[in-house]
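Survey of secondary and tertiary structure
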Amino acid sequence: MNQWDFTFSYRTSVEHFSPGTEDVEHSSHEYRLRDQGLLHWLGNLALVTVSTNSKFSNYLPAQKANNHAARRQSLKLEIMARRAETGSWNDEDVRAHHAEMVNLLFRALGWEPLRLEPLA
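Since the structure is predicted, the reported quantities are computational estimates derived from the model, not experimental observations.

**Overview of the overall build of the protein chain**
When you go through the protein chain residue by residue, the secondary structure sums to five helices and two strands. Moving toward the C terminus, one meets the helices and strands of the protein chain in the order β-β-α-α-α-α-α. In the protein chain, which comprises 120 residues, the share counted as buried stands at 39%. Of the roughly 7400 Å² of accessible surface on the protein chain, a fraction of 56% belongs to carbon and sulfur atoms.

As structure tokens, this is what we get:
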């Protein structure tokens, strides 16, 4: 899909794409954060409706990415889901998405983008 299909709407719930508490039945190394400090980074968060947040529960990013109706409600969630569809959502993915979003905001404000170095 090359086009973006979304609408601007009011959202009040913050979704952790990689959940704080994993669904252990479907746990996977490709979709796990080793550094739990990344859990609350902008790169792992998206605004959604309260009902979507409830439906997502503790599902892994791959499962959330499969919910196309829910991911349409947030362009940021759509970007995260597309990345997860490539096979992972881990520390490196969160850091990279975080840097992309911070720099997008900086450019929108007319500020110089940050040169974010990967953390080991």
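Having seen the model, we can carry on.
**What about the environment of Leu 60?**
Mapped onto the elements of the fold, Leu 60 is located in the loop between α1 (50-56) and α2 (61-65). When the C-alpha atoms of Leu 60 and Pro 19 are compared, they prove to be 6.8 Å apart, with 41 residues separating the residues in sequence.

**Description of helix α4 (residues 75-85)**
Three or more residues of α4 are buried, namely Lys 76, Leu 77, Glu 78, Met 80, Ala 81, Arg 82 and Ala 84. Those residues of α4 that are buried lie in contact with β2 (45-48), α1, α2, α3 (68-71) and α5 (91-108). Two residues or fewer past α4, Gly 87 is found with a positive phi of approximately 125°.

**Focus on the pattern of salt bridges**
Summed over the entire model, instances satisfying the criterion amount to eight salt bridges. Because the salt bridges share partners, they merge into one network encompassing Arg 71, Glu 78, Arg 82 and Glu 85.

**Side note on the pairing of strand β1 (residues 13-16)**
Where burial is concerned, the two faces of β1 differ: the one with Ser 13 and Glu 15 is buried and the one with Val 14 and His 16 is not. Where β1 lies against β2, four bridges are found, and the strand directions are antiparallel. Bridged to His 16 within β2 is Leu 45.

**Some thoughts on the packing of aromatic side chains**
Within this structure, the stated rule accounts for two aromatic pairs. Taken together, a centroid distance of 5.1 Å and an interplanar angle of 90° make the contact between Phe 17 and Trp 89 edge-to-face. Of the two residues, Phe 17 sits in the loop between β1 and β2 while Trp 89 sits in the loop between α4 and α5, which places them 72 residues apart along the sequence. Phe 17 sits in the buried class, given a relative accessible area of 1%.

**Observations concerning the environment of Ala 84**
Structurally, Ala 84 is set in helix α4. Along the backbone, Ala 84 and Gln 63 are 21 residues apart, and their C-alpha atoms lie at a distance of 9.3 Å. Discounting chain neighbours no more than four positions away, the residues touching Ala 84 are Phe 17, Tyr 31, Pro 61, Ala 65 and Trp 89.

**Overview of the environment of Lys 55**
Looking at the secondary structure, you find Lys 55 in helix α1. By relative accessible area, which is 57% here, Lys 55 ends up exposed. Once the C-alpha coordinates of Lys 55 and Asn 67 are considered, the two residues, twelve residues apart in sequence, prove to be 10.0 Å apart.

Rules used throughout
- Residues numbered from 1 in each chain as written.
- Predicted model: local features only at pLDDT ≥ 70, side-chain atom pairs only at ≥ 80, totals over all residues.
- Heavy atoms only, no water.
- Helix = DSSP H or I, 4+ residues; strand = E, 2+ residues; numbered from the N terminus.
- Buried < 20%, exposed > 50% of the residue type's maximum accessible area, 1.4 Å probe, protein only.
- Areas by Shrake-Rupley, 256 points an atom, 1.4 Å probe, with all protein chains shown as cover.
- Contact = heavy atoms within 4.5 Å.
- Salt bridge = Lys/Arg side-chain N within 4 Å of Asp/Glu carboxyl O.
- Pairing = 2+ DSSP bridges.
- Phe/Tyr/Trp six-rings, centres within 6.5 Å; stacked < 30°, edge-to-face > 60°.

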